Amino acid sequence: MGKLLTGPQVERYRREGYLSPLRAIDAERASYYFSRMEQSEGAFGQYNRHYLASKAHLVFTWAAELVRNPVVLDAVEDLIGPDILLFNLTIWSKRAHDETYVNWHQDGAYFGLDPCEQITAWVALTPSTTKAGCVDVLPGSHLRGPMRHDERPDEKSLLSRGQYISEAFDEARAVGMPLASGEFSLHDVNLLHRSGPNRADHRRVGFGISYVPARVRCTSSVRLTATCVRGTDRYNHFDPEPVPAADYHPDAVEFHKQTLARYVAARNEMANRHAARPGNGA
């Protein structure tokens, strides 16, 4: 018996590549985090896909708290073991009636992880319904391994380079992962997933938290940072990330700027390496 997941749940995750829904916090606590996020936006500027939406746990105390949620970490530990690093955090935000979307992709395409082991915990701060553009997944697609991605820049795409899967796959088998406020899903690094526009009357906000076992390293020539959120990091594959002393503390802001520059450089290196593989290209 695991800390949170049952044996059948673990087996289902291995077989289908995802679990949903699970409960991380109650709706009232989710509303608290959402309120803190909006307060931070008002004080320091709205999140965008290129800056504060990435690694916000380095500059905001409430985000640093949420990525260490013990229930989420219990579920992650049941799947990858007790020594857990936070590799990245992305705040996925779509305003009401927002046409932005995320195309079919795999998280591992641009991470350069060795071994390619990573779990995304997607924590809903507001209802992530089908109408609001919840995450859709293709069950079992992670078993195909890494697939070819091409790029098509699009201002409505929330992915940095407009990435999309360019190999054939059966999209008809896709299923949605709707979440209530405070619920979360888990999905594998190679699971095909996407999300559509937000047609609802409310803002759809979720934390996409990328966790890796401490044994994983990044093959980029750029040394990255990570946060040990549970257990021990005995491998030293990443530089450690400090907890912010206060929201938008000057030291935290400077560290965030430097570490995000490293992360973007590594991601671009991995993207160029991926594009150079035989058979890739538009």
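Before reading on, note that the structure itself is shown above.
The structure presented is a predicted model; accordingly, all values stated were derived computationally and were not measured.

Next up on the list: the overall build of the chain. Counting its regular elements, the chain contains five helices and 15 strands. Seen through its C-alpha atoms, the chain measures out along the principal axes to roughly 45 × 45 × 45 Å. Among the 282 residues that make up the chain, the fraction classed as buried is 55%. For the chain, long-range pairs separated by at least 24 residues make up 83% of all intrachain contacts whose partners lie at least 6 apart in sequence. Averaging the locations of the 33 positively and 34 negatively charged side chains of the chain gives two centres separated by 2 Å.

A few words now on the nonpolar core. Phe184, Leu186, Phe207 and Tyr211 are the most contacted members of the largest nonpolar core, which has 42 residues in total. No other element matches helix H4 (residues 70–80), which puts six residues into this core. With residues near it in sequence (within four places) discarded, tyrosine 211 still touches Val67, Val72, Leu73, Val76, Ile80, Ile84, Leu85, Leu86, Gln118, Ile119, Ala121 and Val229. Membership of the second largest hydrophobic core comes to 14 residues, among which are Val212, Leu224, Ala226 and Leu260.

The next subject is the pairing of strand S5 (residues 119–124). If a strand is regular, its side chains alternate between the two faces of the sheet. With six of its six residues buried, S5 lies for the most part within the structure. Where burial is concerned, the two faces of S5 agree: the one with Ile119, Ala121 and Val123 and the one with Thr120, Trp122 and Ala124 are both buried. Strand direction decides the pairing type here: S5 and strand S10 (residues 183–188), joined by five bridges, are antiparallel. Bridged to isoleucine 119 within S10 is aspartate 188. Where S5 and strand S12 (residues 204–213) come together, six bridges link them in antiparallel fashion. Within S12, the position partnered with valine 123 by the bridge is phenylalanine 207.

Attention shifts here to the pattern of salt bridges. Counting across every chain of the model gives 21 salt bridges. One continuous salt-bridge network, built from bridges that share partners, spans Lys3, Asp74, Glu77 and Arg230.

With that settled, the discussion passes to the sheet that holds strand S6 (residues 135–137). Reading across from one edge, S3-S11-S6-S9 is the order of the four strands in this open sheet, with antiparallel pairing throughout. Each edge of the open sheet carries a strand with a single partner, namely strand S3 (102–105) and strand S9 (175–176). Relative to strand S11 (residues 193–195), S6 runs antiparallel, the two sharing three bridges. Each bridged residue has a counterpart across the sheet, and for valine 137 the counterpart in S11 is histidine 193.

Now for H4. Extensive coverage of H4 is indicated by the burial of nine of its 11 residues. Residues Val72, Leu73, Asp74, Ala75, Val76, Glu77, Asp78, Leu79 and Ile80 constitute the buried set of H4. As for H4, its buried residues are in contact with helix H1 (7–16), strand S2 (84–94), S5, S10, S12 and strand S14 (225–230). The N-terminus of H4 is capped by asparagine 69, whose side-chain oxygen sits 3.0 Å from the backbone nitrogen of valine 71. One or two positions beyond H4, positive phi appears at glycine 81, with a value near 100°.

For the structure on display, the rule yields 10 aromatic pairs. Considering the side-chain rings of phenylalanine 60 and tryptophan 62, the 5.7 Å spacing of their centres and the 20° angle between planes classify their relative orientation as stacked. Neither residue differs from the other here; phenylalanine 60 and tryptophan 62 are each classed as buried. For the cation-ring pair, arginine 29 lies above tyrosine 33, with the distance from its terminal atom to the ring centre recorded as 5.0 Å.

So, how was this worked out
Residues numbered from 1 in each chain as written. Predicted model: local features only at pLDDT ≥ 70, side-chain atom pairs only at ≥ 80, totals over all residues. Heavy atoms only, no water. Helix = DSSP H or I, 4+ residues; strand = E, 2+ residues; numbered from the N terminus. Buried < 20%, exposed > 50% of the residue type's maximum accessible area, 1.4 Å probe, protein only. Contact = heavy atoms within 4.5 Å. Lys, Arg positive; Asp, Glu negative; His and termini not counted. Charge placed at Lys NZ, Arg CZ, Asp CG, Glu CD. Core = buried A, V, L, I, M, F, W, Y, C linked by side-chain atoms within 4.5 Å. Pairing = 2+ DSSP bridges. Salt bridge = Lys/Arg side-chain N within 4 Å of Asp/Glu carboxyl O. Polar contact = N/O pair within 3.5 Å; in protein donor to acceptor, adjacent residues only side chain to side chain. Phe/Tyr/Trp six-rings, centres within 6.5 Å; stacked < 30°, edge-to-face > 60°. Lys NZ or Arg CZ within 6 Å of the ring centre and 35° of its normal.

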